[in-house]
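Residues per chain are reported as follows:
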Amino acid sequence: RHAVCIFYLVLRALDTIEDDMTISLDVKVPMLHEFHSYLYQPEWKYMESKEKDRQVLEDFPTISMEFRNLSKVYQDVISDICHKMGVGMAEFLEKKVDSQHEWDKYCHYVAGLVGIGLSRLFSASELEDPIVGQDTELANSMGLFLQKTNIIRDYLEDQLEGREFWPREVWSRYAKKLSDLAKPENIDMAVQCLNELITNALHHVPDVLTYLSRLKNQSVFNFCAIPQVMAIATLSACYNNKQVFRGVVKIRKGQAVTLMMDATNIQAVKAIMYQYVEEIYQKIPSTDPSCNKTQQIIASIRAMSLPSGPVVSRHHYSPIYLSCAMLLAALSWQYLSTISKATEEYVQAGEN
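Thresholds, definitions, all that
Residues numbered from 1 in each chain as written. Predicted model: local features only at pLDDT ≥ 70, side-chain atom pairs only at ≥ 80, totals over all residues. Heavy atoms only, no water. UniProt positions renumbered as here; feature names shortened; annotations may be inferred. Helix = DSSP H or I, 4+ residues; strand = E, 2+ residues; numbered from the N terminus. Buried < 20%, exposed > 50% of the residue type's maximum accessible area, 1.4 Å probe, protein only. Contact = heavy atoms within 4.5 Å. Areas by Shrake-Rupley, 256 points an atom, 1.4 Å probe, with all protein chains shown as cover. Axes fitted to C-alpha atoms, helices over the stretch in contact; angles between N-to-C directions. Parallel < 35°, antiparallel > 145°, perpendicular 65-115°, else oblique. Left-handed = near helix turned anticlockwise from the far one by under 90°. Nonpolar A, V, L, I, M, F, W, Y, C, P; charged D, E, K, R; others polar. Polar contact = N/O pair within 3.5 Å; in protein donor to acceptor, adjacent residues only side chain to side chain. Core = buried A, V, L, I, M, F, W, Y, C linked by side-chain atoms within 4.5 Å. Domains from an automatic or database assignment. Phe/Tyr/Trp six-rings, centres within 6.5 Å; stacked < 30°, edge-to-face > 60°. Lys NZ or Arg CZ within 6 Å of the ring centre and 35° of its normal. Expected span 1.5 Å × (residues − 1). Salt bridge = Lys/Arg side-chain N within 4 Å of Asp/Glu carboxyl O.

Under the annotation held in an unreviewed UniProt entry, the chain carries the name Squalene synthase and is attributed to Balearica regulorum gibbericeps. Under the heading Pathway (unreviewed entry), UniProt records this for the chain: "Terpene metabolism; lanosterol biosynthesis; lanosterol from farnesyl diphosphate: step 1/3." Its UniProt record, at the heading Cofactor (unreviewed entry), says of the chain: "Mg(2+)".

A. Region of the structure containing the overall build of the chain. The helix and strand tally for the chain stands at 17 helices and 0 strands. A total of 352 residues make up the chain; the buried ones form 48% of that total. Restricting the contact set of the chain to residue pairs at least 6 apart, pairs at least 24 apart contribute 73%. Accessible area for the chain stands at about 17800 Å²; split by element, carbon and sulfur atoms hold 54% of it.

B. Just the packing of helix 15 (residues 266-283) against helix 16 (residues 291-305), in detail. With their axes 9 Å apart at the nearest point, helix 15 and helix 16 run at an angle of 155° to one another. Relative to helix 16, the element helix 15 lies roughly antiparallel. Both helix 15 and helix 16 take part in a crossing whose hand is left-handed. Facing helix 15, whose interface residues are Lys270, Met273, Tyr274, Val277, Glu278, Ile280 and Tyr281, helix 16 presents Thr294, Gln295, Ile298, Ile301, Arg302, Met304 and Ser305. Residues that form the contact of helix 15 with helix 16 fall into these classes: 8 nonpolar, 3 polar and 3 charged.

C. Main features of the environment of Ala231. Relative to the assigned elements, Ala231 resides in helix 13 (residues 218-238). Ala231 sits 20 residues away from Ile251 along the chain, and the two C-alpha atoms are 9.6 Å apart. Not counting residues up to four positions away in its chain, the partners in contact with Ala231 are Phe145, Leu146 and Thr149.

D. Spatial organisation of the side chain of Asn265. Mapped onto the fold, Asn265 is located in the loop between helix 14 (253-262) and helix 15. Among the polar contacts listed, one links the side chain of Asn265 to the backbone nitrogen of Ala268, at a separation of 2.9 Å.

E. Just the nonpolar core, in detail. One finds Phe35, Trp166, Leu181, Leu202, Tyr211, Leu212 and Phe245 to be the most contacted residues of the largest nonpolar core, which totals 109 residues. By residue number, the principal contributor to this core is helix 13, which donates 12 residues. Each of two domains, domain 1 (1-95) and domain 2 (126-309), supplies a minimum of three residues to this core.

F. Up close: the packing of aromatic side chains. All chains considered together, the criterion is met by 13 aromatic pairs. With centroids separated by 5.4 Å and ring planes inclined at 90°, the aromatic side chains of Trp44 and Phe60 adopt a geometry described as edge-to-face. With a gap of 16 residues between them, Trp44 in the loop between helix 2 (25-38) and helix 3 (55-58) and Phe60 in helix 4 (residues 60-69) connect regions that are remote in the sequence. On the basis of relative accessible area, Trp44 is assigned to the buried category, the value being 14%. Classification of Phe60 by relative accessible area gives buried; the value is 0%. Ring centres of Phe92 and Tyr106 lie 5.4 Å apart, and the angle between their planes is 70°; this geometry places the pair in the edge-to-face category. One end of the pair, Phe92, is in helix 5 (residues 72-93); the other, Tyr106, is in helix 6 (residues 100-124), with 14 residues separating them in the sequence. For Tyr106, a relative accessible area of 9% translates into the label buried. Aromatic rings pair up to connect Phe35, Tyr38, Trp44 and Phe60 into one cluster. Just above the ring of Phe92 sits the side chain of Lys95; from NZ or CZ to the centre is 4.7 Å. Just above the ring of Tyr281 sits the side chain of Arg302; from NZ or CZ to the centre is 4.3 Å.

G. Representation of helix 1 (residues 2-19) within the structure. Taking 1.5 Å as the rise per residue, helix 1 with 18 residues should run 26 Å; its terminal C-alpha atoms sit 25 Å apart, in good agreement. Those residues of helix 1 that are buried are in contact with helix 2, helix 3, helix 4, helix 5 and helix 6.

H. Spatial organisation of the packing of helix 14 against helix 15. Where helix 14 meets helix 15, the closest approach of the two axes is 9 Å, and the angle between their N-to-C directions is 145°. Of the residues in helix 15, those in contact with Gln255, Leu259 and Asp262 of helix 14 are Ala268, Ile272 and Tyr276. When its residues are assigned to classes, the contact of helix 14 with helix 15 shows 4 nonpolar, 1 polar and 1 charged.

I. View of the pattern of salt bridges. Following the criterion strictly, the structure yields 22 salt bridges and no others. Note that Lys52 and Asp53 form a salt bridge whose closest N and O atoms lie 4.0 Å from each other. Under the relative-accessibility criterion, Lys52 is labelled exposed at 74%. Of the residues examined, Asp53 reaches a relative accessible area of 27% and is grouped as partly exposed. Taken together, the salt bridges that share partners define one network made up of Arg12, Asp15, Lys52 and Asp53.

This is the structure in structure tokens:
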């Protein structure tokens, strides 16, 4: 738990430097390259960030101290991933995502490496077998599936903030500029581009299922499976959906809670994947340029996801206990969100 927590905070600090557009490239690039070394410098901190998460940089000595208190086996994993990610982030600061190969490479740096690092932590803890940490290809796919889903869904938000992550090799077949996809007159071409990228992302699902099938520890399984089922549900909602270019497409809160409660064993996850790829299959337009490729990858996922006997729970907790715990967590989150919003509105009213 501590290793995963510190891993998250270290990467949040690294990401905050990458995201901060007020830091000049001649300062930022060396910082990204050297960031892993700051973990061993007790006094290092950065006080000039303007990002919303700047606290992790301003209070970095607290994070680095806790990092140095971890077992060496955990320190080595976190430092190594931090180094590789910093180098990768620096590489993409000065170039855009062009080919589909570069899209995979960018997603590897910002998310695949997270999957690889977490997998190595799971194995180092002995909660999981060594193969989980050794099979970097499967761990990388776990990260790529989530990252590509976010990039696909966040098209409009990224456009509004001046960021571009859709690969030029794909979108240039549908428009002269990526921003043109948001124009109403280009909506049909935009949706075809969207469908091609979703088809690309679906190719990671077989690896995701193989990865999850190897996990033994219930907490690790839930931690890994829940984001993956959220991602397939999100892709299903986005597929062939014009709304991606007009606003935000999100799965409903009730749907999210159901996924959290259900995704507690591999057979259940396979059933969820099967359900959502079926939804996508039913929406494939016969005129879509990617329709054959979409049908082919869905056939592969179907073959892996077909129900095989009764759903056997991996955990020693009762499903009712887990369901109640997750429902309580979801309700608590909803309550805190509501309170936070109400407080914010109250403060704003007071200021006015």
